[in-house]
Amino acid sequence: MSLLADIRYAVRTLRQNPGFSLVAIGVLALGIGGNTAIFSVVNSVLLRPLPFPDPSRLTIVWETSSQQGVKREGPSGPNFYDWREQSRLYQDLAAVELGTGTLTGLGEPRQVPAMRVTTNLFSVLGARPALGRFFTPQDGHGGRKPLLLISDGFWRNTLGADPAVIGKSVMMDLISYQVIGVLRPGFGLPFQSDLFVPWPDDELRYHRSRLGHDLGVFGRLKPGVTPAQAQAELNTIQTRLAALHPEIEGWQVAVLPLQSVTVEYIRATLLVLFASVAFVLLIACTNVANLLLARAVGRRREIAMRAALGASRGRLVRQFLTESVVLSSAAGVVGTLLAYWAVALLSAIVPATVPIPDAAAEVTLRGFDIDGRVLAFSLAVSLLTGILFGLAPALHALKTDLIENLKQTTRTGAESSRSLRDALLAAEIALALVLSLGAGLMLKSFSRLQNADLGIRPDHLLTLEMELPTDMRYQQGAEQSAFYSQVLERAQALPGVRNAALTSILPLHAQGDRVRFLIENGPVLPANERFQADFRRVSPAYFQTMGIPLKSGRLFDGRDSAGAPLAVIADEAFLRRYFRGNQAIGRRLLLGRAKAEIVGVVADVKHTGPDQEARPTLYSPYLQAPTERMNLVLSTAGEPAALIESAKHAIWSIDPDMPVYRLETMRHIVDEATSSARLTLSLLSVFAAAALGLAAFGIFGVVAYTINLRLREFGIRMALGARPADVQRLVVRQTLRVVGAGIFIGVLGSFALTRLMSVVLYQVSANDPATTLSAAALLFVVAITAAWLPAFRVARIDPMQVLREQ
């Protein structure tokens, strides 16, 4: 018989048992669909290379200082040019500065993500334009040139995909920029930007401090060079530079592949989810294997007859496998359709951007879709699944004497499969326990993360960001302060506003600002070495608006005006680090040539995340340290979102060209900071619920099948005086032995998964005993319920009727 004939026979036999076929396909489709959906995310985020030629040669370069407690910061312009000229292992290096541009003349003014880049960025990446041209080296000579490259999305969504866009002007920061090129769709740089303008080389190289850390650097390695070799070379160069410029002594260089940096934050989460959904598929396989095993027992006479007519054991095994693969293929089709729906759901709940650990930057995750690789994965999983759950029942059905089977009843043969059914059931329970334990750990971790004390009260706070265009206006600090003072005044007068405040950087925003200082009459440091702390410019009402308690001294007030002696407020982390927790009020800090007095101490704020420790922070009055970018924070009596429009118009009443962006509530910002943990918890909970449901289904099915096979035995027991309750307890007790074995194996196996999970847990041990006991207890209750329901059938047995039928 040919394979085609085997397939036709398999389809015919499955159609003869529609109930069995639908249940098996449904169970398998759930597992295959879940695996396909999660793999689509893994494929897009972890496996798909960056859309540039030889992406493995692209790296990102940071500076790091163990003395300063800095792990990842960009270099200064002068350092970058020295690296670029002296490196022999890099093909080329390019620098960027992330920022935004104020777009006007195209409807409502708005802020657009933008980059100022060295003119060689696109050649380093290996990109090509869709329209026009990229920057040339000449575009970086002779001062700033108003040239503009735009993304494909900006070209389509803002400029209407104008095919004649090259040469046209776009107003950004009140300057007319000439569009010279359009990037290709899916340009692929993981840092969000729609607009690109060229850096003048002279300005970047000769007018920047060596201590600046505001650039991002990408590099393309020469063929065959590893990131470790490049890092060693750049550190050698850095040592030479430190000999000439002592102020950068202690700063080292870190080189990492660009691809790994973009997935660093979410890699562990995706791997945990992928392992978990694979467990769901395995549980589904064991369920279907049990169903097939029971079905194979019922077909033992048919199998024996075919063997007697000349069919070899291998031929019979092939027929069994064909049937199981046909079953899994049908499930694969249904599962893939489910995956399309699940991918759309995942696209909505997976965060669009994720932070880069230890760096004040975010990367954009690529969109998820089902491509050829995902479909191939789904096909492979379907085929392997069919072989996996079909092989064991097939071999078991054929291992006994086939001719002897012709003389035996179905019940007799079924007894021999009991141990295999119990083994499959125990494996299923073990897998379900591991998933339930993982969900329990994540639930506990997420609960503690949600309840972590951030140091602020995020409810009833509306935030928005503004950035002054300083190329043409607002170039002086006094102009900047005057504008923001007006913003405060008008925002405070809005109905429903209880407090209005300003801050240069909001808590949990992926932005950084540091200040270097010495302590007057404090520890003596080597020449050119300074202490460092995070730096925030705030208005006097900031602490009250954000709910940050004052611990000692005073808050900012009218005494801290622009011309008054400089004042700063430190947090408790600052005191612990630099004053060993002792009193610091009245002490003065040397900020370059200026001196600032510590006038107050406030409680810690976890600026970088609820799972991170508070970092030493200094706050300065914004009037004494003006800057072009500030965040307005409004404390509201009612729903914060209701004030969005009135807040925007209050700002536009001062400057109608001022873009207002990142309008969001502080609660939303806090929720976004835990989005990765929430995603892991949500999906793990779904997987655990599916695992428990499948385990309950498996226990129910096995117990019901066992009762059916043992009706004669139960009839005899009841005829000899056993009560129905005694027989029910016997059934449940024997089932619970298997359940107990499964739980024991599951607890042992959980150590492997929970070790993988340890990197995504917060203040919870991966071997937390309480969670382990809770998961085992939950599974035990589910098992008792699933076993007890079919056991009630025993109560309806008529012993005499059963004995006559048997």
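Model, not experiment: these values are computed from the prediction.

Undergrad: An account of a nonpolar patch on the surface is requested, with residue identities and associated values reported.
TA: On the surface, V333, V334, L337, L338, Y340 and L375 cluster together into a nonpolar patch covering about 540 Å² of accessible area. Among the elements that take part in the nonpolar patch, helix α11 (residues 313-349) stands out by supplying 5 residues, more than any other. Among the structural elements, L338 can be located in helix α11.

Undergrad: Give a detailed account of empty space enclosed by the protein, specifying residues and quantitative values.
TA: Per the stated rule, a full pass over the model turns up 7 cavities of 30 Å³ or more. For the largest cavity, the calculated volume is near 80 Å³. Taken together, L292, R295, A296, R299, F320, E323, S324, G390, P393 and A394 make up the full set of residues lining the largest cavity. Looking at the lining of the largest cavity, the elements that each hand over two or more residues are α9 (267-298), α11 and α12 (372-398). Across the lining of the largest cavity, the residue classes break down as 5 nonpolar, 2 polar and 3 charged.

Undergrad: Describe helix α24 (residues 769-791), naming the residues involved and giving the relevant values.
TA: Taking 1.5 Å per residue, 23 residues should reach 33 Å; α24 reaches 32 Å between its end C-alpha atoms and fits that length. The complete set of buried residues in α24 reads T771, T772, A775, A776, L779, A783, A786, A787, P790 and A791.

Undergrad: Tell me about the layout of surface pockets, and please be specific about residues and values.
TA: Each pocket or cavity is described by its volume, and for the second largest pocket that value is around 520 Å³. G188, L189, P190, Q192 and T364 are the residues nearest the centre of the second largest pocket, which is lined by 24 residues in total. Going through the elements one at a time, α2 (18-47), α5 (152-157) and α8 (258-263) are the ones with two or more residues in the lining of the second largest pocket. Residue composition of the lining of the second largest pocket, grouped by class: 11 nonpolar, 9 polar and 4 charged.

Undergrad: An account of the domain arrangement of the protein chain is requested, with residue identities and associated values reported.
TA: By the assigned domains, the protein chain splits into domain 1 (77-208 + 211-244), domain 2 (414-453 + 676-805) and domain 3 (470-656). Centre-to-centre, using C-alpha coordinates, domain 1 lies 31 Å away from domain 3. Counting residues at the interface gives 11 residues for domain 1, matched by 8 residues for domain 3. Of the roughly 690 Å² buried at the junction of domain 1 and domain 3 (both faces included), carbon and sulfur atoms supply 53%. In this structure, the connection of domain 1 to domain 3 is made through 0 salt bridges. The tally of links from domain 1 across to domain 3 stands at 0 residue pairs in polar contact (both at pLDDT 80 or more). The set of elements that each furnish at least two residues to the side of domain 1 that touches domain 3 consists of β3 (90-104) and β8 (175-183).

Undergrad: Now, about the pairing of strand β1 (residues 58-65): what can you tell me, with residues and values included?
TA: Within β1, 7 of the 8 residues are buried, which leaves the element mostly enclosed by the surrounding structure. As defined by bridge partners, β1 adjoins strand β10 (residues 216-221) across 4 bridges and the pair is classed as antiparallel. Of the residues in β10, the one forming a bridge with I60 is F218. Note: β1 against strand β11 (residues 252-257), 6 bridges, orientation antiparallel. Within the sheet, the bridge partner assigned to T64 lies in β11 and is Q252. As judged from the 2 bridges shared by β1 and strand β2 (residues 70-73), these two strands associate in the antiparallel manner. Across the sheet, the residue bridging to S65 is V70, located in β2. Between the antiparallel neighbours β1 and β2 lie 4 residues, among them G69 with a positive phi of about 70°.

The rules behind each value
- Residues numbered from 1 in each chain as written.
- Predicted model: local features only at pLDDT ≥ 70, side-chain atom pairs only at ≥ 80, totals over all residues.
- Heavy atoms only, no water.
- Patch = residues over 30% accessible without salt bridge, like charges linked within 9 Å, V, L, I, M, F, W, Y side chains within 5 Å.
- Areas by Shrake-Rupley, 256 points an atom, 1.4 Å probe, with all protein chains shown as cover.
- Salt bridge = Lys/Arg side-chain N within 4 Å of Asp/Glu carboxyl O.
- Helix = DSSP H or I, 4+ residues; strand = E, 2+ residues; numbered from the N terminus.
- 1 Å grid on protein atoms, 1.4 Å probe; cavity = no way out; pocket = protein on both sides within 12 Å on 5 of 7 lines; lining within 4 Å.
- Points joined across faces, edges and corners; volume = space filled by probe spheres on them.
- Nonpolar A, V, L, I, M, F, W, Y, C, P; charged D, E, K, R; others polar.
- Expected span 1.5 Å × (residues − 1).
- Buried < 20%, exposed > 50% of the residue type's maximum accessible area, 1.4 Å probe, protein only.
- Domains from an automatic or database assignment.
- Contact = heavy atoms within 4.5 Å.
- Buried area = accessible area lost by both parts, 1.4 Å probe.
- Polar contact = N/O pair within 3.5 Å; in protein donor to acceptor, adjacent residues only side chain to side chain.
- Pairing = 2+ DSSP bridges.

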